[in-house]
Amino acid sequence: MTTVTKVKKRNGEIVDFTPAKITIAVKKSFAAVLGEEHEIEAGDITRAVVDRVEQKYGNTAFMPTVEEIQDFVETALMERSYFTVAKSYISIVQSLNKS
């Protein structure tokens, strides 16, 4: 369980921090590149991102931004040598930002 419960969106709105959304986006990225969602790897990446968020923001008065969490996801993918999946993730995030 995470102690970080809120995240700041691009428009300044404060919303709930929902790690499941990270998992969904990562699974879509894996599916787009590798044809399968790679559920175990997506879960591992989500846990790594949540751990980073906790290390930086847990027990502080500050909160992460959506952009920062997305950077953590990209880093976690690349640290595991999923470079093409990271590129797909970036594309998916950019398309979501336009809508």
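Attention here is on the structure that accompanies the text.

Calculation rules
Residues numbered from 1 in each chain as written. Predicted model: local features only at pLDDT ≥ 70, side-chain atom pairs only at ≥ 80, totals over all residues. Heavy atoms only, no water. Helix = DSSP H or I, 4+ residues; strand = E, 2+ residues; numbered from the N terminus. Buried < 20%, exposed > 50% of the residue type's maximum accessible area, 1.4 Å probe, protein only. Contact = heavy atoms within 4.5 Å. Core = buried A, V, L, I, M, F, W, Y, C linked by side-chain atoms within 4.5 Å. 1 Å grid on protein atoms, 1.4 Å probe; cavity = no way out; pocket = protein on both sides within 12 Å on 5 of 7 lines; lining within 4 Å. Points joined across faces, edges and corners; volume = space filled by probe spheres on them. Nonpolar A, V, L, I, M, F, W, Y, C, P; charged D, E, K, R; others polar. Axes fitted to C-alpha atoms, helices over the stretch in contact; angles between N-to-C directions. Parallel < 35°, antiparallel > 145°, perpendicular 65-115°, else oblique. Left-handed = near helix turned anticlockwise from the far one by under 90°.

## Focus on the side chain of Q70
And step 1. Counting through the fold element by element, Q70 comes out in helix 3 (residues 66–79).
And step 2. Of the residues examined, Q70 reaches a relative accessible area of 14% and is grouped as buried.
And step 3. For Q70, the residues in contact, after removing those within four places along its chain, are R10, Y89, V93 and N97.

## Digging into the nonpolar core
And step 1. Judged by nonpolar contacts, the single largest core of 23 residues is most densely connected at V26, V49, V53 and L77.
And step 2. Of all the secondary structure elements, the ones that give two or more residues to this core are helix 1 (19–34), helix 2 (39–57), helix 3 and helix 4 (83–98).
And step 3. Discounting residues that sit within four places of it in the chain, V53 has contacts with V4, F17, G58, P64, I69 and F72.

## Points about the layout of surface pockets
And step 1. By volume, the largest pocket amounts to about 630 Å³.
And step 2. Secondary-structure elements contributing two or more residues to the lining of the largest pocket are strand 2 (14–16), helix 1, helix 3 and helix 4.
And step 3. Across the lining of the largest pocket, the residue classes break down as twelve nonpolar, four polar and five charged.

## A closer look at the packing of helix 1 against helix 3
And step 1. Interhelical geometry of helix 1 versus helix 3 gives an angle of 45 degrees and a closest axis separation of 12 Å. By the angle between their axes, helix 1 is oblique relative to helix 3. Seen from above, helix 1 lies across helix 3 with right-handed handedness. For the pair helix 1 and helix 3, contact is made by I22, V26 and F30 and by I69, V73 and L77, respectively.
And step 2. A class-by-class count of the residues in the contact of helix 1 with helix 3 yields six nonpolar, no polar and no charged.

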